[in-house]
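Residues per chain are reported as follows:
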Amino acid sequence: MSDQFEPVIIGFTCNWCSYRAADMAGTARMKYAPNVRLIRLMCSGRLDPTFVLKALAGGADGVMITGCHPGDCHYVSQNYKAMRRFLLMRRTLKQMGVEPERLKLVWASAAEGAIFTDEVNKFVEQVRALGSLHWPTSGEGYEQMFAIPEHMIAKEVTP
Amino acid sequence: MAQEKIGVYVCHCGSNIAGTVDVEDVAKWAAEQLHHRGVVVARDYKFMCSSLGQELIEKDIKQLGLTRVVVAACSPHLHERTFRTACKNAGLNPYLCELVSIREQVSWVHTDKVAATEKAKAIISGGVERVIWHEALEPLKVPIHPATLVVGGGIAGIQAALEIADAGFPVYMVEREPSIGGHMAQFDKTFPTLDCSACILTPKMVDVGNHPNITLMTWSEVMRVDGYVGNFQVTVRQKPRYVKTELCTGCGICQEKCPKKVIDEVFEAGLGYRKVVYTPFPQAVPNYPVIDRENCTYFIKGTCKACQKFCPTEAIDFEQKEEFIQIDVGQIILATGYDLFDPRKIAQYGYGRLANVFSSLEFERFTNAAGPTGGKLYLRDGVTVPKTVAIIHCSGSRDKNYNNYCSNICCMQSLKFAHLAKEKTGAEVYNFYIDIRTPAKAYDEFYQRVLEEGTHMIRGRVAEVTDAARGTKDEGKLIVQVEDTLIGKQRRIPVDMVILSAALVPRKDHHETARMFGLSCSSDGWLIERHPKLDPVATMTEGIFIAGCAQGPKDIPASVAQGAAAAARVIGKIQQHEIAMEPVRATVDQEKCSGCRICNNLCPFNAILFHEDRMVSEVNPALCQGCGTCVAGCPAGAITGTGFSNEQVLAQIDGLLLHNIKHLEMEAVPVP
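First, a word on what this report is: a plain description of the structure on this page. Keep in mind the model is a prediction, meaning the values are calculated, not measured. (Residues numbered from 1 in each chain as written. Chains lettered and ligands numbered in written order. Predicted model: local features only at pLDDT ≥ 70, side-chain atom pairs only at ≥ 80, totals over all residues. Heavy atoms only, no water.)

1. Here we look at the overall build of chain B
Piece 1. Regarding its fold elements, chain B presents 18 helices and 34 strands.
Piece 2. With the principal axes as the frame, chain B shows a C-alpha extent of 90 × 70 × 45 Å.
Piece 3. For chain B, with 672 residues in total, the buried portion stands at 57%.
Piece 4. Of the contacts made within chain B by residues no fewer than 6 positions apart, 69% connect residues no fewer than 24 positions apart.
Piece 5. Carbon and sulfur atoms provide 51% of the accessible area of chain B, an area that totals close to 28300 Å².
Piece 6. Side-chain charges of chain B comprise 71 positive and 77 negative groups, with the mean position of each set lying 4 Å from the other. (Helix = DSSP H or I, 4+ residues; strand = E, 2+ residues; numbered from the N terminus. Buried < 20%, exposed > 50% of the residue type's maximum accessible area, 1.4 Å probe, protein only. Contact = heavy atoms within 4.5 Å. Areas by Shrake-Rupley, 256 points an atom, 1.4 Å probe, with all protein chains shown as cover. Lys, Arg positive; Asp, Glu negative; His and termini not counted. Charge placed at Lys NZ, Arg CZ, Asp CG, Glu CD.)

Structural data, given as structure tokens:
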């Protein structure tokens, strides 16, 4: 692990299937690469494309979107909407000069801890091969895009 | 925004977390590095969920005036409620507490301690950033409809329905077959007491049929489920019986007069005949017959109508059409049961090819006094009494080729078969088993009894059942080829009859059922419970419970226990008159809404109304389920998802990427 590039990956999970798949992977003590950090949403349909761009802009090297299998959505069909957004986002990323392979969509049911584990490991390797994400460093509007929100900049606070 | 006062609590979970994550370091780090974000206290503790751990949090809220709490422990699906309650007890709104998972997502899945500790820090940092944006929320209260739907009229469903109805609440029971009773109605004796199945089941069936609080809908199927806990709208398809139930007295003359017999594949497992107008068995509840349209001479040729001519009450109606009935219920219990594994799939056992290989259900019908042979055990020819019987356990269970799981009931069932075969015919009985599993009350005693009766127990998985004789004494016999693993020898045992103790498998349509009710199935196909140990009858979908074999293979006592348990849960909810629901809802800022109506089509629950007069959309909080798709889809950013707002998620991303710590590691962040 010494010299190897360790990508940071943000994963979005749905509350009903893939977050529980991650729980199941834990309960079954399956092992996967520690590069992924998860965010729980109620549904993959909640995934705003802004989240993906924010994560990539903020230093993540890859983003993994996970949801229920088609037809199994807890909210009837919202994972289909996530899928549409995923396909559009891949195209958008490409136009922005970012490899679309940095974005991945995985379906995992609550019982599929093994699939979740597998897909995380595969994706980490995929992003590792791509290397660190280098955004274009000039052009209109890029400064705002990468700005850290003011409220987050460290400052001394008197208790 | 005024600075929040945040408390961070890191759990050791014994060594579950502390074994992989340096929890003390994590707590120290949070106190130092996240201090400028408002973390005023960060503690680690052996078991945060214990009462002492909770007291720690409560004390800090009161003494330090915490306004936000982050607990880093197990999955929120396990203990979110625990810590929210602790906050509430200390006077802090429960929704100002965030539980982040460093057990299921860190310590249990990673081995590298350094990497795991770093990840735990990032996750806590994400939780801290997120919780700053949390709002004080109140759970939504919705009224609960007092009626309950029970799907499936087997023993689990019957028990559940009776418990609820006896408590004074209305129940709709929907059963696919013409009669309730399920698999238990087909059995002769029940292990280990060997009391007659019908004798203990039929009184319960009659109770269901007569109960003033139970509306029985047999020969019906659930087609559609809308709504949510407390207020489900269910569409039930009532298949045409071609018999007017309001006129039919169940006298049975139509069955007597019907000139056509067909093989009964369902109830008699293909061993007996039934008329085309039939009730599956004499004690059927309800006792109205149905006409089998596929085989009825009138429906095929347009003439006959014998049943109609002889019916004394003119109850036969060939014009009957299927009906779709809407019912409103507050909660649903699924007791849809199991299918029997088709032993044809194990080709080497010869079921369907060798005449005298029988399935367990066929044997049940043979030994049943009301069955096709009146309780006598014969070979397929219907006259020869077997002198030697082989019973093969685990047919389709505990086998990688078919089902990995143990079907739970086959050991006891096979021992029961051994006893019955011996009792009825005096035959030599051989049981072929892998392991004997008799863990319940009085089960092992039954095993000992069967051993004492002289049943041969041979430990080994049967390789083959064949009719290829090697000598004259094997001629006309079935030969069971097996490695007897206790003596380490191959054996060939000639027998007259082979019974396959077939596995229990999920219903053929289990996927459709799961989808319709918004549940998920395990990889084997059984419906998944909320928690395998602590919540075996609830599901992830509020208001929907499961009982009996739909959840996994189990015997009658366990099915009854689950039916009663599910009923107790339902009754408890009904008595509260209203249900508290998570306040995860979408709201439209009417100032920002441009009236584009994009959200209207995104909502699967039709929860978004459009006000034509003001040209703005509005979310109906009673219908909204909180998926948040409209929030993500609104081009004007006018919709807020309470509990999962943009601010919360974006802040969490920043936190996870450690943008908030004091000494920014700039090389990790591609900012020029």
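2. Concerning the pairing of strand β23 (residues 456–459) of chain B
All names here are of chain B.
Piece 1. Summarising the sheet, strand β22 (residues 428–433) and β23 pair through 4 bridges and their orientation is parallel. Within the sheet, the bridge partner assigned to N431 lies in β23 and is M457.
Piece 2. At this point the chain moves from β22, through helix α13 (residues 443–452), to the parallel β23, and the crossover so formed is right-handed. (Pairing = 2+ DSSP bridges. Right-handed = clockwise from strand over helix to strand, strands pointing away.)

3. Re the packing of aromatic side chains
Each aromatic ring pair is specified by the distance between its two centres and by the angle formed by the two planes.
Piece 1. Across all of its chains, the model carries 14 aromatic pairs over all chains by this definition.
Piece 2. Their ring planes at 25° and their centres at 6.0 Å tell us that F12 of chain A and F51 of chain A sit as a pair that is stacked. In this pair, F12 of chain A sits in strand β1 (residues 9–14) while F51 of chain A sits in helix α2 (residues 49–57), placing the two residues 39 residues apart along the sequence.
Piece 3. Using a relative accessible area of 1% as the deciding quantity, one classes F12 of chain A as buried.
Piece 4. Both rings, one in F299 of chain B and one in F318 of chain B, keep their centres 5.7 Å apart while their planes meet at 70°; by these two values the pair is edge-to-face. (Phe/Tyr/Trp six-rings, centres within 6.5 Å; stacked < 30°, edge-to-face > 60°.)

4. Overview of unusual backbone geometry
Residues and elements named next belong to chain B.
Piece 1. A cis amide bond links F191 with the next residue in sequence, P192, at an omega value of -10°.
Piece 2. Relative to the helices and strands, P192 resides in the loop between β8 (189–190) and β9 (195–196).
Piece 3. Backbone geometry at N606 places phi at a positive 50°, although glycine is not the residue there.
Piece 4. Mapped onto the secondary structure, N606 falls in the loop between α16 (598–602) and β32 (608–611).

5. Focus: the interface of chain B and chain A
Piece 1. Tallying the contact residues gives 65 residues for chain B and 62 residues for chain A.
Piece 2. Interface area lost by chain B to chain A is led by H77, W108 and F644 of chain B, which between them contribute 12%.
Piece 3. There are 3 salt bridges connecting chain B and chain A.
Piece 4. Of the charged contacts in the structure, one is a salt bridge between D72 of chain A and R515 of chain B, with a shortest N-O distance of 3.1 Å.
Piece 5. Taken together, the connections running from chain B to chain A amount to 20 residue pairs in polar contact (both at pLDDT 80 or more). (Buried area = accessible area lost by both parts, 1.4 Å probe. Salt bridge = Lys/Arg side-chain N within 4 Å of Asp/Glu carboxyl O. Polar contact = N/O pair within 3.5 Å; in protein donor to acceptor, adjacent residues only side chain to side chain.)

6. Overview of helix α5 (residues 113–132) of chain B
Three- or four-residue spacings in an α-helix give side chains the same orientation, since the helix completes a turn every 3.6 residues.
Residues and elements named next belong to chain B.
Piece 1. In a regular helix each residue adds 1.5 Å, so 20 residues correspond to 28 Å; α5 covers 29 Å between its end C-alpha atoms and thus fits that length.
Piece 2. Of all 20 residues in α5, 17 are buried; the element is thus mostly enclosed.
Piece 3. Taking the backbone nitrogen of V114 as reference, a side-chain oxygen 3.0 Å away marks D112 as the first, capping residue of α5. (Expected span 1.5 Å × (residues − 1).)

7. Details of the state of the cysteines
Residues and elements named next belong to chain B.
Piece 1. Applying the stated rule across the entire model yields 1 disulfide over all chains.
Piece 2. The disulfide that involves C196 links it to C199, with 2.3 Å between the sulfurs. For the disulfide bridge between C196 and C199, the dihedral angle about the S-S bond is near 90°, and by the sign convention the bridge is right-handed.
Piece 3. Judged by its relative accessible area of 51%, C199 is exposed.
Piece 4. Free of any disulfide, C97 has its nearest neighbouring cysteine sulfur in C87, separated by 4.0 Å. (Disulfide = S-S within 2.5 Å.)

8. Here we look at the pattern of salt bridges
Piece 1. Applying the stated criterion across every chain yields a total of 40 salt bridges over all chains.
Piece 2. In this structure, E119 of chain A and K104 of chain A form a salt bridge, with 2.8 Å as the shortest nitrogen-oxygen distance. Of this pair, E119 of chain A sits in helix α4 (residues 113–130) while K104 of chain A sits in strand β4 (residues 103–107); the two residues are 15 residues apart in sequence, bridging distant segments of the chain. Both residues of the pair, E119 of chain A and K104 of chain A, count as buried.
Piece 3. Between E364 of chain B and K416 of chain B there is a salt bridge, and its shortest N-O distance comes to 2.8 Å. One end of the pair, E364 of chain B, is in helix α11 (residues 360–367); the other, K416 of chain B, is in helix α12 (residues 410–425), with 52 residues separating them in the sequence. Of the two residues, E364 of chain B and K416 of chain B, neither departs from the other in class, the shared state being buried.
Piece 4. One network of salt bridges, with partners in common, ties together R176, E221, R237, E322 and D509 of chain B.

9. Considerations on the nonpolar core
Piece 1. In this structure, F12 of chain A together with V8, V69, V71 and I124 of chain B are the most contacted members of the largest nonpolar core, which totals 72 residues.
Piece 2. The greatest single-element share of this core, amounting to 8 residues, is contributed by α5 of chain B.
Piece 3. In contact with F12 of chain A, other than residues within four places in its own chain, are I39, L41, L47, F51, V63, M64, I65 and T66 of chain A together with V649 and I653 of chain B.
Piece 4. With 58 residues, the next largest nonpolar core counts F191, L354, A503 and V505 of chain B among its residues. (Core = buried A, V, L, I, M, F, W, Y, C linked by side-chain atoms within 4.5 Å.)

10. What about the side chain of Q331 of chain B?
Residues and elements named next belong to chain B.
Piece 1. Mapped onto the elements, Q331 comes out in strand β18 (residues 331–334).
Piece 2. Polar contacts involving the side chain of Q331 include one to the main-chain carbonyl oxygen of V570, which spans 3.2 Å.
Piece 3. Ignoring anything within four residues of it in the chain, the contact list for Q331 reads I144, A147, T148, L149, F232, G543, F545, R569, V570, K573 and I574.

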